[in-house]
Amino acid sequence: MLSPERIMHRCDALARHSELPGGLTRVFLSPEGRAAGDAVLGWMREAGMQARLDAIGNAVGRYEGGHAGLPCLMLGSHLDTVRDAGRYDGMLGVISAIECVAALNSRKKRLPFAIEVVGFGDEEGVRFGTTLLGSRAVAGTLEAQVLEAKDAKGVSIADALRDFGLEPKDLGSVKRKRGEVLAYAELHIEQGPVLETEGLAVGVVTAINGFSRLRARLRGVAGHAGTVPMGLRRDALAAAAECVLAVERIAQADPELVGTVGRIEARPGAINVIPGEVEFTLDVRAPRDDLRQKAVSSILHAIEAIGKARGVALQTEKLQENGVAACAPWLMEQMDRAVAAEGLPVRRLPSGAGHDGMAIQAIADIAMLFVRCKGGVSHNPAESITAEDAATGARVLSRFIESFHAVPS
Ligand code: GLV
Ligand code: MN
Ligand code: MN
């Protein structure tokens, strides 16, 4: 029996593993991440799975099929969060998948394929600025040089893995081969307002928008806030402010495009000092890769011009880029049927947010099921879903799993 109370209760329980007192922040390879992973491994075992932490810190549970060693249907989502996060983004998908396996296990039912549930250790990319580390390791697309990326304290991913008790040289063991994974399916909150607006509990995802992430550094001249006349300043923060508005203007030019400066840091950061150095991040997304790439070049062009005009040196660095990830038509059809079997209207919609399927697509076709969230709010502690919608999502996912056919229909 699927238990929506248990799903909601477990989302609450994971939210307590946080570095932010009174809120939720849980980044990759942190003590809180370890505690959340351990809790999830325990729930996987309770649901009849063999469970382990893999070499990148993903929590992986396996429920064998009719006989041991069959290829798997992979399910899951992520266990890391943004800063001051909600408690459903990522976690709901992992917990719902475990709930579906628990329901199978309670009936002692085995399917003609294995099920693996993965709680990916990093999807948000908050700590190291580069995303999808858990799922890229599973897909075998995590290049060795990525391990040199450092967090704000200068700790590299390789060192963080060691501090966590993992060995970077074992990362190859995380990689799964095409054929071992029949398909990947993820349940996730919508993070947008479409389902709520249309009065629908769930929707079937068609594609995940592509993204580009960059970092820009502006170097002006720090100076005395009282003595340097306005006309003689090379204020890096004023230049950055103009850059932020340029990003907004360029992204507003097309309704399919979004552009965000999510983090900005001014140095030296004192009330009476003209900022000499600024670093900011840039996140650009679109449902078409050409549109996104064109926008990124327009933005770079615009901010270079701003830097030049203000005598501020600009340096940019591409952090990560991912093209649009389309969900597989044969899997969308199976998900549509699972929705319809619950007596619900089938609504297909794209995803503006990124998901682990973007990486897993390198080894398997992907599908996603969205669950309505209140006001479309996410990446915010106000993120909220109802137990009824959690139940509906889990029932649809369960139907999808139990009627899954690996051969494209
Ligand atoms: C993850 O939530 C992302 O889309 O950045
Ligand atoms: Mn997120
Ligand atoms: Mn997410």
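For the structure, see preceding data.
Conventions and cut-offs
- Residues numbered from 1 in each chain as written.
- Chains lettered and ligands numbered in written order.
- Predicted model: local features only at pLDDT ≥ 70, side-chain atom pairs only at ≥ 80, totals over all residues.
- Heavy atoms only, no water.
- Near = heavy atom within 4 Å.
- Polar contact = N/O pair within 3.5 Å; in protein donor to acceptor, adjacent residues only side chain to side chain.
- Areas by Shrake-Rupley, 256 points an atom, 1.4 Å probe, with all protein chains shown as cover.
- Nonpolar A, V, L, I, M, F, W, Y, C, P; charged D, E, K, R; others polar.
- Disulfide = S-S within 2.5 Å.
- Donors = N, O, S within 2.8 Å, 3.2 Å for Na, K, Ca; no water.
- Helix = DSSP H or I, 4+ residues; strand = E, 2+ residues; numbered from the N terminus.
- Patch = residues over 30% accessible without salt bridge, like charges linked within 9 Å, V, L, I, M, F, W, Y side chains within 5 Å.
- Salt bridge = Lys/Arg side-chain N within 4 Å of Asp/Glu carboxyl O.
- Buried < 20%, exposed > 50% of the residue type's maximum accessible area, 1.4 Å probe, protein only.
- Core = buried A, V, L, I, M, F, W, Y, C linked by side-chain atoms within 4.5 Å.
- Contact = heavy atoms within 4.5 Å.
- Expected span 1.5 Å × (residues − 1).
- Axes fitted to C-alpha atoms, helices over the stretch in contact; angles between N-to-C directions.
- Parallel < 35°, antiparallel > 145°, perpendicular 65-115°, else oblique.
- Left-handed = near helix turned anticlockwise from the far one by under 90°.

Q: For this particular structure, what's the right way to read the site of ligand 1?
A: Neighbouring residues of ligand 1: E123, E124, R213, R285, A353, G354 and H379. Within the side chain of E124, a nitrogen or oxygen atom sits 3.0 Å from an oxygen atom of ligand 1. A distance of 2.6 Å is found between an oxygen atom of ligand 1 and a side-chain nitrogen or oxygen belonging to R285. Burial of ligand 1 by the protein amounts to 92% of the accessible area it has alone, namely 200 Å². When grouped by side-chain class, the residues that make up the shell around ligand 1 number one nonpolar, two polar and four charged.

Q: Would you mind showing me how to read the state of the cysteines here?
A: Chemically, a disulfide is nothing more than a covalent bond linking the sulfur atoms of two cysteines. Scanning the entire structure with this criterion turns up zero disulfides. Cysteine C100 remains unbridged, with the sulfur of C11 as its closest cysteine sulfur at 13 Å.

Q: Even after reading the chapter, I still don't get the coordination of the manganese ion (ligand 2), so can you show me in this structure?
A: When four donors bind a metal tetrahedrally, each ideal donor-metal-donor angle is 109.5 degrees, and when six bind octahedrally, the ideal angles are 90 or 180 degrees. Surrounding the manganese ion (ligand 2) are the protein donor atoms D89 (OD), E124 (OE), E124 (OE) and H379 (NE2), at 2.1 to 2.7 Å. Binding-site remark: the manganese ion (ligand 2) is held by donors from one chain whose sequence spacing is D-x34-E-x254-H. Separating the manganese ion (ligand 2) and the manganese ion (ligand 3) is a distance of 3.5 Å, and D89 donates to both of them. Residue E124 is found in the loop between β4 (114–120) and α4 (133–139), and its partner H379 is found in the loop between β16 (366–371) and α11 (387–402); the two are separated by 255 residues along the sequence.

Q: I'm lost on the coordination of the manganese ion (ligand 3) in this one. Help?
A: Every protein donor of the manganese ion (ligand 3) is accounted for by H78 (NE2), D89 (OD) and H188 (NE2), and the metal-donor separations fall at 2.0 to 2.3 Å. For the manganese ion (ligand 3), all donor residues lie on one chain, and their spacing in sequence is H-x10-D-x98-H.

Q: What should I look at first to understand a nonpolar patch on the surface in this one?
A: Taken together, the side chains of L237, V244 and I264 present a nonpolar region at the surface, about 200 Å² in accessible area. Residue classification places I264 among the partly exposed residues on the basis of a relative accessible area of 43%.

Q: Would you mind going over the nonpolar core with me for this structure?
A: Proteins that are soluble and globular tend to have nonpolar side chains buried together. Among the nonpolar cores identified, the biggest contains 110 residues, and L92, I115 and V117 are the most heavily contacted of them. Sorting elements by how many residues they give to this core places helix α3 (residues 91–106) first, with 11 residues. Beyond its immediate stretch of four places on either side in the chain, L92 contacts I7, C11, L187, I189, V371, I385 and A390. One finds A236, A240, L257 and I306 within the second-largest nonpolar core, a separate group that totals 24 residues.

Q: Any chance you could explain α11 here in plain terms?
A: Side chains three or four residues apart in an α-helix point the same way, a direct result of the helix having 3.6 residues per turn. With 16 residues, α11 should cover 22 Å at 1.5 Å per step; its first-to-last C-alpha distance of 22 Å lies within 8% of that length. Among the residues of α11, D389, A390, A391, T392, G393, A394, V396, L397, S398, F400 and I401 are the ones counted as buried.

Q: Whenever I open this one, the packing of α3 against α11 confuses me. Can you help?
A: The geometry of a pair of packed helices is captured by two quantities: the angle between their axes and the separation between those axes. Here α3 crosses α11 at 60 degrees, and the two axes come no closer than 9 Å. The angle between α3 and α11 places the two elements in the oblique class. Note that α3 runs across α11; the crossing there is right-handed. From α3, L92, S96, A97, C100 and L104 reach across to α11, where they touch A390, A394, L397, S398, I401 and E402. When the residues that make up the contact of α3 with α11 are grouped by side-chain class, the tally is eight nonpolar, two polar and one charged.

Q: I keep staring at the packing of helix α1 (residues 4–15) against helix α2 (residues 31–46) and nothing clicks. Help me out?
A: Interhelical geometry of α1 versus α2 gives an angle of 155 degrees and a closest axis separation of 10 Å. Taken as axis vectors, α1 and α2 run roughly antiparallel relative to one another. Within the contact between the two elements, α1 uses R6, R10, A13 and L14 and α2 uses A36, A39, V40, W43 and E46.

Q: In this structure, what is going on with the pattern of salt bridges? I would like to understand it.
A: Close approach of charged atoms allows side chains of opposite charge to pair. Taken as a whole and assessed by the stated rule, the structure comprises 33 salt bridges. Between R292 and D289 there is a salt bridge; the shortest N-O distance is 3.0 Å. Note that R292 and D289 are positioned in helix α8 (residues 289–310) at a spacing of three residues, about one turn of the helix. What makes D289 partly exposed here is its relative accessible area of 26%. Within the structure, one salt-bridge network assembled from shared partners comprises R215, R217, R219, R263, E265, R267, E277, E279 and E317.

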